[in-house]
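Architecture at a glance
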Amino acid sequence: MKFVLATQNMKKLEELKKVLSDLGVEVVSEAELGVKVEVEETGETFAENSLLKAKAVMEATGLPAIADDSGLCVNALNGGPGVYSARFGGEGLDDRGRYMLLLQMMQGQTDRSACFHTTVTCAFPNGDVLRADGDCHGTIAYAPMGDDGFGYNPVFFVPDKRKTFAQMTLEERSAISHRGNALRAFKAALADYLNQKTK
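Residues numbered from 1 in each chain as written. Predicted model: local features only at pLDDT ≥ 70, side-chain atom pairs only at ≥ 80, totals over all residues. Heavy atoms only, no water.

1. Remarks on the pattern of salt bridges
The full count for this structure, using the stated rule, is eleven salt bridges. Across the salt bridge formed by Lys12 and Asp68, the nearest N and O atoms sit 3.4 Å from each other. Within this pair, whereas Lys12 is found in helix α1 (residues 10-20), its partner Asp68 is found in strand β3 (residues 65-74), the two being separated by 56 residues in sequence. Notably, a salt bridge pairs Asp22 with Lys187, separated by 2.8 Å at the nearest N-O pair. Remark: Lys187 occurs in helix α5 (residues 178-198) and Asp22 occurs in the loop between α1 and β2 (26-29); sequence separation between them is 165 residues. What makes Asp22 exposed here is its relative accessible area of 59%. With relative accessibility at 22%, the residue Lys187 sits in the partly exposed group. Linked by salt bridges that have partners in common, Lys12, Glu15, Asp68 and Arg179 make up one network. (Salt bridge = Lys/Arg side-chain N within 4 Å of Asp/Glu carboxyl O. Helix = DSSP H or I, 4+ residues; strand = E, 2+ residues; numbered from the N terminus. Buried < 20%, exposed > 50% of the residue type's maximum accessible area, 1.4 Å probe, protein only.)

2. Quick word on unusual backbone geometry
The residue after Gly80, namely Pro81, is reached through a cis peptide bond having omega -10°. Tracing the backbone through its elements, the reader meets Pro81 in strand β4 (residues 80-81). Positive phi outside glycine occurs at Asn78, with the angle close to 55°. Non-glycine residue Arg162 carries a positive phi angle of around 55°. Position of Arg162 relative to the elements: it lies in the loop between β7 (156-158) and β8 (163-164).

3. A word on the pairing of β2
Here strand β1 (residues 2-5) pairs with β2 via four bridges, running parallel. For Val4, the partnering residue across the bridge sits in β2 and is Val28. Note on the crossover from β1 through α1 to β2: the handedness is right-handed. (Pairing = 2+ DSSP bridges. Right-handed = clockwise from strand over helix to strand, strands pointing away.)

4. Points about α1
Those residues of α1 that fall on the buried side of the exposure criterion are Leu13, Leu16 and Leu20. For α1, the buried positions fall inside an angular range of 70° around the axis, keeping them on one side. The outward face of α1, more than 90 degrees from its buried face, is lined by the exposed residues Lys11 and Lys18. Contact partners of the buried residues in α1: β1, β2, β3 and α5. Where α1 begins, the capping side chain belongs to Asn9, and its oxygen is found 2.9 Å from the backbone nitrogen of Lys11. (Arc of directions from axis to C-beta. Contact = heavy atoms within 4.5 Å. Polar contact = N/O pair within 3.5 Å; in protein donor to acceptor, adjacent residues only side chain to side chain.)

5. Looking at the pairing of strand β5 (residues 113-123)
Every regular strand shows the same layout, with side chains that alternate between the two sheet faces. Burial analysis of β5 places ten of its eleven residues in the buried class, which makes it a mostly covered element. Pairing of β3 with β5 involves ten bridges; the strand directions are antiparallel. Bridging from a neighbouring strand, Ser70 pairs with Thr118 of β5. Two elements, β5 and strand β6 (residues 129-140), share eleven bridges in a ladder whose sense is antiparallel. The residue bridging Ala114 from the neighbouring strand is Gly138, located in β6. Here β5 folds back onto β6 in antiparallel fashion, the turn holding five residues, of which Gly127 has a positive phi close to 100°.

6. Structural notes on helix α3 (residues 95-105)
Among the residues of α3, those classed as buried are Gly97, Arg98, Tyr99, Leu102 and Leu103. Looking at the buried side of α3, the elements it contacts are β3 and β6.

7. Looking at the packing of aromatic side chains
Evaluated as defined, the whole model comprises five aromatic pairs. Ring geometry for Phe3 versus Phe124: centroids 6.0 Å apart, planes at 80°, classification edge-to-face. With Phe3 in strand β1 and Phe124 in the loop between β5 and β6, this residue pair connects regions lying 121 residues apart in the sequence. Here Phe3 falls in the buried class, since its relative accessible area comes to 0%. Three or more aromatic residues link up through ring pairs in this structure, and these residues are Phe3, Phe124 and Tyr193. (Phe/Tyr/Trp six-rings, centres within 6.5 Å; stacked < 30°, edge-to-face > 60°.)

As structure tokens, then:
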């Protein structure tokens, strides 16, 4: 069975291929199919946004499409920036600008708990939808630490590991990350779905 991943990010494609490799499915990118679907993320939740992307790419290609949406949810900011993580502070900010703004907003906060969240959704041409979620819990550091990774990684501290995401190796991060957890849960859901279909 062939699936298309709703992204232009080749690293995400390689990661998903690796996760799903033993299910006997083929995963291709939008680019490999010659399509580039721009989707406005108007959803108020990660689930809504990932479904919008998956449905749009499924409709454009006629193949089951997998999409994800991720973000950082900070308790002291009522779950923000959440679905707006990539646009936090407006278009003019880069990754560093966004996490420095976050640190500024967290000044004086005693509750620094936060979690990274990912929702993975697959939309099938027959109308079926599969969804899986993953979280990684941590706290917001008082200053950026480490230089690996991107986004909010330098300020997302995992107490168990005594490191920020940006101080971890890719392997360390993948083992506990929200994205890794969501992909593993999605793999289990997809395996069940495919088993049901072949019965």
